[in-house]
Amino acid sequence: MAALHPAVWTTIGVALDLSGAIALASVGLWLATRRDRFGQAGTAVVFALFLTALWSLACAAATASPAAVFAPSLAESARNLGWLVVIYRLFASDGRHASLAPIRPVILSLGFVELLHLGVDYGLSRLAIDRDVLQVAFEFNVMFRLLVTVGGLVLVHNLYAGSPRESRAALRWPAVGLAALWAFDLNLYTIAYLAGTWPYEIAALRGIATAALAACIAIAAAGNRDDLRLRPSRAVTFQTFSLLVIGVYLVAMVAVAQWLSYAGGNFARLIELAFLTLASALALVVLPSRRVRAWLKVTLAKHFFQHRYDYREEWLRFTRTIGSGGDQSAPLGERVVQSIADVFESPAGLLLTPGDQGELTLAARWNWPEIEVPAIAVPVTSIGHFERTGYIADLDDVRAGLKSGAADGEGEVPRWLLDHPRGWALIPLVHYERLVGMVVLARPQLARKFDWEDFDLLRVIGQQVASYLAENSSQLALAESARFEDFHRRIAFVMHDIKNLASQFSLLARNAELHAEKPAFRADMLVTLRNSSDKLNALLARLSRYGTGAVEKLEQVPAAEVLSVVMDRFRANAQVVLAETRDVAITANRHSLEQVLMHLVQNAIDASRPESPVFVSLTLDGLNARFEVLDSGCGMSADFVRNRLFKPFVSTKTGGFGIGAFEARELVRAMRGRLDVESREGLGSRFVVRLPLAAAGDLYQILANPDQKVA
């Protein structure tokens, strides 16, 4: 080792010291927000890491500029004092600082020795001293360092060996890191004391010990092995490898030049200059070459870097997330989003699934409450391209105009998603060439461009998720069909009994008309019986319609009058507020429309606090009249709206039969209308009923009967 020129050791020392400083500072910054992982010693560990990084920088500066001789000594004293405080706090974590009496005096003594050495070193740096006296002072300084180093190693040994068995796992890596740092210093100062001079060759390697300390602290602070597993992209790997090649080239060039200068004799300077010229020319020609860079990329991908992802780990995590069940697990829609988001470190996402008319609607949110999703998230005209091609939209590319989807609006990404800054990716879920949904991912903390491996993985995961959604949809359809069959079987007996009761009431009314002796009693009895008979017959009519969803007759109805009847029903409730109304005529069934609006208003009242208003309005929306019921109650989750709100026999009310919302939607459909819901948990719900205007009746009739001839 001594055969190398001192300038080479200087270069090595500066490089290692700077590398150690970077590693220590990086771990310190990373650990600053995770101090609790070291308990009471967390803050002390962070400060000690930064003090050690400053010491490494001071060593590098002193190596490059020998005039700054006191700065490394001051920084090393601060470093040692910082780690002594860390050791004391680690002893305090399990109470041994109080139970072991010698701990505090030993640490105080070592701190005093360090301060004494610092004072002596500072005084000597300010005085002009004889060479012999300076040699004695050097030996005393080395002795002070040896005392602190040996004392630190003893404390580290006692910290780990004397700890309870359950605490050793947490102390193992910090103890190894400190032992590596002080063991290197022990050898360094021992050689310096025996040789009587500073061993610059060994001192140049101190950066290795600091890097080892940084690695040990990082391992100790990591919550699990996954936190330490680096997954660099191919670009990062190539750039790092390129920098490494350049660094090795520069060090080799300097080393060869210094060796030529040392061994070249009379022509040393000429040989050194010639070598530097040729090496620089070679670097300028070869390194920028595209062919060389392409070769490096292929070599790295082939021999040093197999894949971006650990596919086994990703598949196990995906399976655990999507397959988790039980009462405590999230709904399937949220698990679908999370299973895809976890792979790409996305913090949030949405699931959109087909609605009744084929358009995509919000089915689930995962950690993304602030984004506003319209009732029709993606129209039918925009999903055909995604269904046919499985096109995965990188929203940053779409915003930049690099990709805009297919022509004529097909494959067009909705504007509400492009306008939201957190939107990152849109992934179609295709099952047997049929689109069963889309997942929207939010932008991760460190967003990057998708490459071929990302797209391949997204397609595979999308297909798997689509199969889960399709299977779940089939199971829900089968369960609903079974419930309908049971309902029809039960309701047949109910209808039979009610029909007999209605017949008895009718007979009683007819007999009372003939035989009642008191006119007043007879009149009152007739009114009561007729009302009861009408109600029972209406109930029979509604029960008969459940299977078909039909209404008795569609006619021209004044929408404002229907709304007025509904408002009169809730006149005694101050919560219900009529916000707006319009005098328009619609094509509907008056009785069915009243039933729908009364159900929606009553549900809004039930979901709201007594002091919260329920707003009802009637406006125009194109060729439709728009009835809107808005409350600020408890709201509903996207999963509830999607999978439970309109499912018959599913009710959140005690004693509820669970057919109110289902019946309302079926009646609106039978009147050629549409019932939409927008809801947010904790904020409230908005129910919108759209029914065609009477003026548009002919148009709907033509669309319903395309073969009809128009005069």
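Up top you'll find the structure we're talking about.
### Things to note about the nonpolar core
Within the largest apolar cluster, 41 residues are counted, with the highest numbers of intra-cluster contacts made by Ile586, Leu593, Val601, Phe627, Leu645, Val689 and Leu691. No other element matches helix 21 (residues 590-607), which puts eight residues into this core. Aside from chain neighbours lying at most four places away, what touches Leu691 is Ile586, Ala588, Leu593, Leu623, Asn624, Ala625, Phe627, Val668, Met671 and Gly673. Membership of the second largest hydrophobic core comes to 34 residues, among which are Leu24, Phe38, Val46 and Phe91.

### Considering the packing of helix 21 against helix 23 (residues 660-670)
With their axes 9 Å apart at the nearest point, helix 21 and helix 23 run at an angle of 140° to one another. The angle between helix 21 and helix 23 falls in the class oblique. Viewed along their axes, helix 21 and helix 23 form a crossing whose handedness is left-handed. Only Gly660, Ala661, Glu663, Ala664, Leu667 and Val668 of helix 23 make contact with helix 21, whose side of the interface consists of Ser592, Gln595, Val596 and His599. In terms of residue class, the contact of helix 21 with helix 23 is made up of five nonpolar, four polar and one charged.

### Quick word on the pairing of strand 10 (residues 624-631)
Of all eight residues making up strand 10, seven are buried, and the element is well covered by its neighbours. In this sheet, strand 10 lies alongside strand 9 (residues 614-621) in antiparallel orientation, the contact comprising eight bridges. The residue bridging Ser617 from the neighbouring strand is Glu628, located in strand 10. A loop of two residues connects strand 9 with strand 10, the two strands running antiparallel in sequence, and Gly622 in this loop sits at a positive phi of about 70°. Two strands pair when backbone bridges link them, and strand 10 and strand 12 (residues 684-692) are joined in this way by eight bridges, in the antiparallel orientation. Its bridge partner being in strand 12, Asn624 is matched across the sheet by Pro692.

The rules behind these values
- Residues numbered from 1 in each chain as written.
- Predicted model: local features only at pLDDT ≥ 70, side-chain atom pairs only at ≥ 80, totals over all residues.
- Heavy atoms only, no water.
- Core = buried A, V, L, I, M, F, W, Y, C linked by side-chain atoms within 4.5 Å.
- Buried < 20%, exposed > 50% of the residue type's maximum accessible area, 1.4 Å probe, protein only.
- Helix = DSSP H or I, 4+ residues; strand = E, 2+ residues; numbered from the N terminus.
- Contact = heavy atoms within 4.5 Å.
- Axes fitted to C-alpha atoms, helices over the stretch in contact; angles between N-to-C directions.
- Parallel < 35°, antiparallel > 145°, perpendicular 65-115°, else oblique.
- Left-handed = near helix turned anticlockwise from the far one by under 90°.
- Nonpolar A, V, L, I, M, F, W, Y, C, P; charged D, E, K, R; others polar.
- Pairing = 2+ DSSP bridges.

These results come straight from atomic positions and should not be treated as a statement about function.
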